[in-house]
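# An overview of the molecular structure
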Amino acid sequence: MSGVFGCYDIKGNKENVTRDAYYGIFSLQHRGQESCGLAVNEDGSFLVHKSAGLVTDVFDEVTLSALSGKCAIGHVRGGSPRENGVDAIQPISIKSRVGNIALASDSVIMNANRIREDLKSKGAIFQTNTDTEIILSLFSRNRIRTEDCEHAILETMKEIKGVYSMVFMTEDKLIGVRDPYGLRPLILGKQGDKYYISSESCALDAVGCEIVRDFEPGEIITISKDGMSSIRYDEAVQKKDTKVCVFEYVYVARPDTVMDNMSVFDSRFRVGMALAEESPADVDLVIGAPDSGIAAAEGFAKGLGVDYGSGLLKNRYVGRTFIKSTQQQRELAVRMKFAALKTAIKDKRIAIVDDSLVRGTTTKHIISFLRENGAKEVHVRLASPPVRFACCYGVNASSETELPASNSTIEDIRNLIGADSLAYISLESLKKSLNTIDCDVCSACFDGNFVAGKPEDDEESVHKVKYN
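### Notes on helix α13 (residues 361-372)
Taking 1.5 Å of rise per residue, 12 residues should cover 16 Å, and α13 covers 17 Å from first to last C-alpha, within 8% of that figure. Within α13, burial applies to T361, T362, T363, I366, I367, F369 and L370.

This is how it looks when you write it as structure tokens:
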């Protein structure tokens, strides 16, 4: 997955717009560490700076001072073998017959290959293999024959099938779009004369603005000198039927984010409490796998009535291992990422709570660290059900052969990671933990129900497995 952010000053004031966008993507860094970028509207001319690397490495004071405008959009991208190369870094900006257009998107388009080939047959030229460039190409063509940008986006939404949250920047507008299923999060904020659009509320908190509301599924919100306006795609589902990705709450989103009226921290804590009831463990100490397992571990410890403490030291300068592009990168990152706190774990029976087990790479190495440094027993509790299906919507697992739960029993997985015991939360309890959410969730990686379909060129059917 990726993170998107946009800022627009409706009075045309350029002060702090670019810096707000910088702080926005910095606060979304957890959504992707492969690359980042900003595009700024300076009186109709678009300035773009982007590169591989972390936000703090790509931008410095000189660069930010040179990027001045009334509107800015930004992007952080996670690892994806499908979209690579310098040209794939977002935002992507083009010059069209209707003016400059820039786009930052967190998207997976199911019919991307067919659209690309169709556009090529009509003379389109592509510089990247990204879905974002396909969306831009469709939008620019639709814009020529529609009355405004919003209707061009509506026409584009009719042609693309998939999941997305997007921020468009034109010469006089900032436009946010959430897919018709609501699978990707998107939220609106405001501070004085400035409006903000972000993947998560934590980035809005970082710039000190008021959270207005989440985007509705299929909603297009436009910010211009006239203020805010909204239209909605006719085929979008109702809010209560929105299928926001449950993995946002399990792993992707930052704990201080509130998404579709549900606190991410609260949902994880409640899962930990439910996990203690479903699968207790006879242990001396409960620890969390930093960082996304900590809230669930605190809930698990409270549910058991056992001490919660620290057992792992995390190297803060290593990115999230799950969203690295290759298995070799993930294994190296894990070895560099964690160290055990010997005095805290020596001769202890430990329960370690993690958010999920996708490939098992991180969990296996953590257990090894704990045993090597004196832990007597290591019991693993997971705050999500078994990940059995390769998700085509953004969870970074390209095939089910990478997923132990797809073809193995719990006992097989326990042996694989070297734990004394292993238990997952049930999908029912996971969903119950989202007690204040005002929509539904997509849990395709757990149950195989791909609500937005699968890629058109995917000849294999969803792999259904029997799980013991």
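### Let's talk about the packing of helix α5 (residues 131-144) against helix α6 (residues 149-159)
Where α5 meets α6, the closest approach of the two axes is 8 Å, and the angle between their N-to-C directions is 125°. Relative to α6, the element α5 lies oblique. Note that α5 runs across α6; the crossing there is right-handed. In this structure, α5 uses I135, L138, F139, N142 and R143 to contact α6, whose residues at the interface are C149, A152, I153, E155, T156 and E159.

### Considerations on the packing of aromatic side chains
A full pass over the atoms with the stated rule returns 8 aromatic pairs. With 6.1 Å between their ring centres and 50° between their planes, F5 and Y196 make a pair best called tilted. Note that F5 is positioned in strand β1 (residues 2-9) and Y196 in strand β10 (residues 194-198), a separation of 191 residues in sequence. In this pair, the class of F5 matches that of Y196, namely buried. Measuring from ring centre to ring centre gives 5.7 Å for Y393 and F450, while their planes differ by 75°; the resulting arrangement is edge-to-face. Remark: F450 occurs in the segment after α17 (444-447) and Y393 occurs in the loop between β21 (377-382) and α14 (404-407); sequence separation between them is 57 residues. Like F450, Y393 is buried. An aromatic cluster is present here, built from Y22, Y23 and F59 joined pairwise through their rings. Geometry around F126 places R116 over its ring, the cationic atom sitting 5.1 Å from the centre.

### A look at the sheet that holds strand β5 (residues 92-96)
The strand order across the open sheet built from 6 strands is β5-β6-β7-β8-β12-β13, with neighbouring strands paired in antiparallel fashion. Each edge of the open sheet is held by one strand with a lone partner, namely β5 and β13 (227-232). Strand after strand, the sheet turns through a mean of 20° between neighbouring axes, direction not considered. Examined bridge by bridge, strand β8 (residues 174-178) and strand β12 (residues 219-224) share 4 bridges and lie antiparallel to one another.

### Brief notes about the sheet that holds strand β20 (residues 349-354)
Overall, parallel pairing links the 4 strands, which are arranged β17-β20-β21-β22 in an open sheet. Looking along the sheet, the strands with just one partner apiece sit at the ends: β17 (285-288) and β22 (421-424). Each strand axis lies, on average, 20° off the axis of its neighbour in the sheet, ignoring direction. Relative to β22, β21 is paired through 4 bridges, and the arrangement is parallel. Within the sheet, the bridge partner assigned to R381 lies in β22 and is A423. Those strands touched by helix α10 (residues 294-304) are β17, β20 and β21, and its axis lies near 165° from that of β17.

### A few points about unusual backbone geometry
Between Q90 and P91 the backbone carries a cis peptide bond, its omega angle lying at 0°. Following P290, the chain continues to D291 via a peptide bond in cis, the omega torsion being -5°. Positionally, D291 belongs in the loop between β17 and α10. In this structure, D347 is a non-glycine residue whose phi angle is positive, near 65°. By the secondary structure assignment, D347 is in the loop between α12 (342-345) and β20.

### Section: the side chain of R178
Within the element layout of this structure, R178 appears in strand β8. Residue classification places R178 among the buried residues on the basis of a relative accessible area of 0%. In terms of polar contacts, R178 uses its side chain to reach the backbone carbonyl oxygen of F215, at 2.7 Å. A polar contact is formed between the side chain of R178 and the side chain of D260, at a distance of 3.0 Å.

### Let's talk about the pairing of strand β4 (residues 71-77)
With 7 of 7 residues buried, β4 is to be regarded as a mostly interior element. Going residue by residue along β4, you find C71, I73, H75 and R77 tucked away on one face and A72, G74 and V76 tucked away on the opposite face as well. Bridge count between β1 and β4: 7 bridges; the pairing is antiparallel. Paired with Y8 across the two strands is C71, which belongs to β4. As judged from the 7 bridges shared by strand β2 (residues 35-42) and β4, these two strands associate in the antiparallel manner. The partner of G37 across the bridge, within β4, is H75.

### Focus: the nonpolar core
Counting residues in hydrophobic clusters, the biggest one holds 52 residues, and the most contacted among them are F247, Y249, V286, F300, Y393 and I437. Contributing elements (two or more residues each) for this core: β14 (243-245), α8 (247-252), α9 (264-278), α10, β20, β23 (440-442) and α17. Setting aside chain neighbours within four positions, we find V286 in contact with A297, F300, A301, L304, V306, D307, Y308, G309, A351 and V353. Membership of the second largest hydrophobic core comes to 28 residues, among which are A112, C149, I153 and Y164.

### Here's the deal with the side chain of S140
Inspection of the secondary structure puts S140 in helix α5. With residues up to four places along the chain from it excluded, the contact list for S140 reads I94, S96 and I101.

### Regarding the environment of E372
One can find E372 in helix α13. For E372, a relative accessible area of 60% puts it in the exposed group. Residues E372 and S408, spaced 36 residues apart in sequence, show a C-alpha to C-alpha distance of 26 Å.

Conventions and cut-offs
- Residues numbered from 1 in each chain as written.
- Predicted model: local features only at pLDDT ≥ 70, side-chain atom pairs only at ≥ 80, totals over all residues.
- Heavy atoms only, no water.
- Helix = DSSP H or I, 4+ residues; strand = E, 2+ residues; numbered from the N terminus.
- Expected span 1.5 Å × (residues − 1).
- Buried < 20%, exposed > 50% of the residue type's maximum accessible area, 1.4 Å probe, protein only.
- Axes fitted to C-alpha atoms, helices over the stretch in contact; angles between N-to-C directions.
- Parallel < 35°, antiparallel > 145°, perpendicular 65-115°, else oblique.
- Left-handed = near helix turned anticlockwise from the far one by under 90°.
- Contact = heavy atoms within 4.5 Å.
- Phe/Tyr/Trp six-rings, centres within 6.5 Å; stacked < 30°, edge-to-face > 60°.
- Lys NZ or Arg CZ within 6 Å of the ring centre and 35° of its normal.
- Pairing = 2+ DSSP bridges.
- Polar contact = N/O pair within 3.5 Å; in protein donor to acceptor, adjacent residues only side chain to side chain.
- Core = buried A, V, L, I, M, F, W, Y, C linked by side-chain atoms within 4.5 Å.

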